[in-house]
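The lines below spell out each chain.
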Amino acid sequence: MKSLAKHREIWLGLAIIAVIILVTLRFPRFSQPGNLLTIFNDTSILMMLALGQMAVILTRSIDLSMAANLALTGMIAAMLNAAYPAIPIPLIMALCVVIGGLLGAFNGVLVWKLNIPPIVVTLGTLTIFRGLVFVISGGAWVNAAQMSPDFIGLQRAVVLGLPVLSWIAIVVAILFFLLMTRTPLGRSLYAIGVNPTASVYTGINVGLTKFMAFVLAGAVSGLCGYLWISRYVIASVQVASGYELTIVAACVIGGISIAGGIGTVAGALLGALFLGVINNALPVINISPFWQMAISGTAILLAVILNARGERRKGRVILKTAEVAHV
Amino acid sequence: MSDVKAGRQLPNRLDNPLKSTLLSWESLLVLVAVAIFIFNSYSSPYFLNEWSLSDLTFNFTEKALIALAMALLIISGEIDLSVAAIIALASTMMGLALQYGADTSVLVAVGVGVGLLCGAFNGFLVTGLKLPSIVVTIGTMSLFRGISYIILGDKSFGNYPASFGWFGQGYVWWVISFELVLFLVFAVIYFVLLHRTNFGRRVFAIGNNDVAAQFSGVRVDRIKFILFCLTGLMSGIAAVLLTARLGSTRPSIAQGFELEAITMVVLGGVSILGGAGSIVGVVLAALIMGLVTFGLGLLNVPGIVMSIFIGGLLITVIALPILFRMWRQRA
């Protein structure tokens, strides 16, 4: 299974390189380092979100509320900044992580304590969070003029040749890599996905671990809330609407098994990067952006079909809750 | 802690028929519906009026038509997230057919046909290639809507003939709309199909344990394929109704319908884990969602805020029986 997963990431990496080479054949400027870094920067937010979603999917759950969480946290950050420009941006970022984490914890508690299937919980909180964005903003937008220069400028500042946004993504990726491979929590996430019943008997608290996965996904969504708003300099109810499934798509392309237990940090990053490269390549080779959706849809289907062999045995396990033993 | 599936076990109706009926999921939904109805009639003077109540039905009929088929699909343990995209594609194709001078009957055939084909495509990917339906339909969701965007771009198709518009705006008898009648007819059909036929029993069997069903001689893949086709078909029908009601086609049509249809199904007491549920519950849930959105609309609550109530309702209604059982076990 390990070699299969490894193969998958190599193939995905090759596919990304192939797309880049094909586009470069017609437009040499596409593969210039500056442009590649731009693509990386453009994809940073999706990469982080995919990592958060991966933690949840590994445990046989799914979080459909991430984009709504992002919109809500982003709106709070933007309104705070508009009202009190003096609050330092790092503090706002920390606050976003906390708020996002709390929203994730709400999902997590419902899954953990009430044993409601994650897809139902997050379907509900998806609409609740979106509605709350409207309630707190009154339907109004927060635009660039209302945001402080620091709020907008921080992630654009270039450090060692890379924008801060890219650096944040790199740091988050490293943290996730350490979490997944070097900590008991990371091992528990995988263990639950592979076999929830056995995990209970090895002393893993299945419910608590799922709760932690949701908190993690929420915290990442919150962080990305600030980053998204300050990147596109508009906060509205519509922010990232429908994006929840793009995040899942990036995970699926990255070889993270929707049946739980299988997936790597590199896979999630490459899956997001694949979508990012395609989206950046389309306008360059003069394909109208209207093709974007159809092409990413095809990419998702191809990725799933290629991945089918590994997942065949458990097609619909994502809809099942882990069998929690009676303690 | 008891798991969710055990909680949805039907009470033994032979023991105490009256008590089990009163404690069923459907009675809870009736209670919720009546409460909202009473709240609505007190909160707005414009609610208790035959035309208001008729308008109310437009809030849910199109989504509820899909929810009927989706209920069977979810009971069988699968899911279809592409239904809204199917509406978009079917609607786009109808618009395209209109540009070539198609008349009303052809338009309807195109809409329903495209829906059926899309459903068959989903069904083939899931049963033929043995892929997980949640991922397949996330993919086809982008694919179907993407094709609509490719065809339409930033344009829209309009100028549908008046006879076509009747499907979404016409009244069969006084205030009873064609959409409502169609929904009621299909509700009866799906009720009979799920609760009174061998096919329906097999759907439940597959949802409870598809391996056991396979070994008992149920053609699991064929039935799942049919269920995907049915969901596609209902989406095609919904596309006809919605397009006729709006009188135009845009690629962004029916955005978010998939989640609302699934919310109806889950609110209706269908277990998202498969194997349990009833059509009566889904019809009641559709009515409740219609009542909530329409009642809040009369109070000038914006659509996006209604989503808080729908989401809250979904979680509360699901959580209540679980909390009640936990409380009873502790006492």
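Residues numbered from 1 in each chain as written. Chains lettered and ligands numbered in written order. Predicted model: local features only at pLDDT ≥ 70, side-chain atom pairs only at ≥ 80, totals over all residues. Heavy atoms only, no water.

- As annotated in an unreviewed UniProt entry, chain B is Autoinducer 2 import system permease protein LsrD from Devosia yakushimensis.
- Regarding chain B, the UniProt comment filed under Subunit (unreviewed entry) reads as follows: "The complex is composed of two ATP-binding proteins (LsrA), two transmembrane proteins (LsrC and LsrD) and a solute-binding protein (LsrB)."
- Regarding chain B, the UniProt comment filed under Subcellular location (unreviewed entry) reads as follows: "Cell membrane". (UniProt positions renumbered as here; feature names shortened; annotations may be inferred.)

- If you check an unreviewed UniProt entry, chain A appears there as Branched-chain amino acid ABC transporter permease from Devosia yakushimensis.
- Of the comments in the UniProt record for chain A, the one headed Subcellular location (unreviewed entry) reads "Cell membrane".

**Overview of the overall build of chain B**
Item 1. When helices and strands are counted, chain B shows 16 helices and two strands.
Item 2. Over its C-alpha trace chain B gives a radius of gyration of 20 Å, about what one expects of a compact globule, namely 20 Å for 331 residues.
Item 3. Across its three principal axes, chain B shows a C-alpha extent of roughly 65 × 55 × 30 Å.
Item 4. In chain B, which comprises 331 residues, the proportion classed as buried is 58%.
Item 5. In chain B, 77% of the contacts between residues at least 6 apart in sequence involve partners at least 24 apart.
Item 6. As displayed, chain B offers around 13,700 Å² of accessible surface, 66% of which is attributable to carbon and sulfur atoms.
Item 7. When the 19 positive and 15 negative side-chain charges of chain B are each reduced to one mean point, those points stand 9 Å apart. (Helix = DSSP H or I, 4+ residues; strand = E, 2+ residues; numbered from the N terminus. Rg over C-alpha atoms; globule rule 2.2 N^0.38 Å. Buried < 20%, exposed > 50% of the residue type's maximum accessible area, 1.4 Å probe, protein only. Contact = heavy atoms within 4.5 Å. Areas by Shrake-Rupley, 256 points an atom, 1.4 Å probe, with all protein chains shown as cover. Lys, Arg positive; Asp, Glu negative; His and termini not counted. Charge placed at Lys NZ, Arg CZ, Asp CG, Glu CD.)

**What about the interface of chain A and chain B?**
Quite often, the size of an interface is put as the accessible area lost when its parts meet.
Item 1. Counting from both sides, the interface comprises 47 residues of chain A and, opposite them, 53 residues of chain B.
Item 2. When the two sides are added together, the surface that chain A and chain B hide from each other amounts to roughly 4,400 Å², 80% of it contributed by carbon and sulfur.
Item 3. Run the count over chain A and chain B and you get zero salt bridges.
Item 4. Counting across the interface, chain A meets chain B through two residue pairs in polar contact (both at pLDDT 80 or more).
Item 5. Grouping the constituent residues of the side of chain A that touches chain B by class yields 31 nonpolar, 10 polar and six charged. (Buried area = accessible area lost by both parts, 1.4 Å probe. Salt bridge = Lys/Arg side-chain N within 4 Å of Asp/Glu carboxyl O. Polar contact = N/O pair within 3.5 Å; in protein donor to acceptor, adjacent residues only side chain to side chain. Nonpolar A, V, L, I, M, F, W, Y, C, P; charged D, E, K, R; others polar.)

**Some details on the packing of helix α3 (residues 66-83) of chain A against helix α4 (residues 89-113) of chain A**
Residues and elements named next belong to chain A.
Item 1. Packing of α3 against α4 leaves a shortest axis separation of 10 Å and a crossing angle of 145°. For the crossing formed where α3 meets α4, the hand is right-handed. Across the interface between the two elements, N69, L72, T73, I76, A77, L80 and N81 from α3 touch I89, I92, L95, C96, I99, G100, L103 and G104 from α4. (Axes fitted to C-alpha atoms, helices over the stretch in contact; angles between N-to-C directions. Left-handed = near helix turned anticlockwise from the far one by under 90°.)

**Description of the packing of helix α3 (residues 25-43) of chain B against helix α16 (residues 303-330) of chain B**
All names here are of chain B.
Item 1. Closest axis-to-axis distance for the α3/α16 pair is 12 Å, and the angle between their directions is 135°. On the basis of their axis angle, the class for α3 and α16 is oblique. By crossing handedness, the relation of α3 to α16 is classed as right-handed. Each of W25, L28, L29 and V32 in α3 lies in contact with α16, whose residues at this interface are L313, V317, I318 and P321. (Parallel < 35°, antiparallel > 145°, perpendicular 65-115°, else oblique.)

**Structural notes on the UniProt feature "transmembrane region" (unreviewed entry) in chain B**
All names here are of chain B.
Item 1. Listed under "transmembrane region" (unreviewed entry) in the UniProt record, and renumbered for this structure, are residues 21-44, 106-126, 133-151, 171-193, 225-247, 253-272, 279-298 and 304-324.
Item 2. A helix fraction of 100% and a strand fraction of 0% characterise residues 279-298, whose end C-alpha atoms lie 29 Å from each other.
Item 3. A helix fraction of 100% and a strand fraction of 0% characterise residues 304-324, whose end C-alpha atoms lie 30 Å from each other.

**Structural notes on the pattern of salt bridges**
Residue and element names in this part refer to chain B.
Item 1. If you walk through the whole model with that rule in mind, you get seven salt bridges over all chains.
Item 2. Measuring nitrogen to oxygen at the nearest pair gives 3.8 Å for the salt bridge that ties R245 to E179. On the criterion of sequence distance, the pair formed by R245 in helix α13 (residues 220-246) and E179 in helix α10 (residues 178-195) is long-range, its members being 66 residues apart.
Item 3. Of the residues examined, E179 reaches a relative accessible area of 1% and is grouped as buried.
Item 4. Residues participating in the shared-partner salt-bridge network are E62, E179 and R245.

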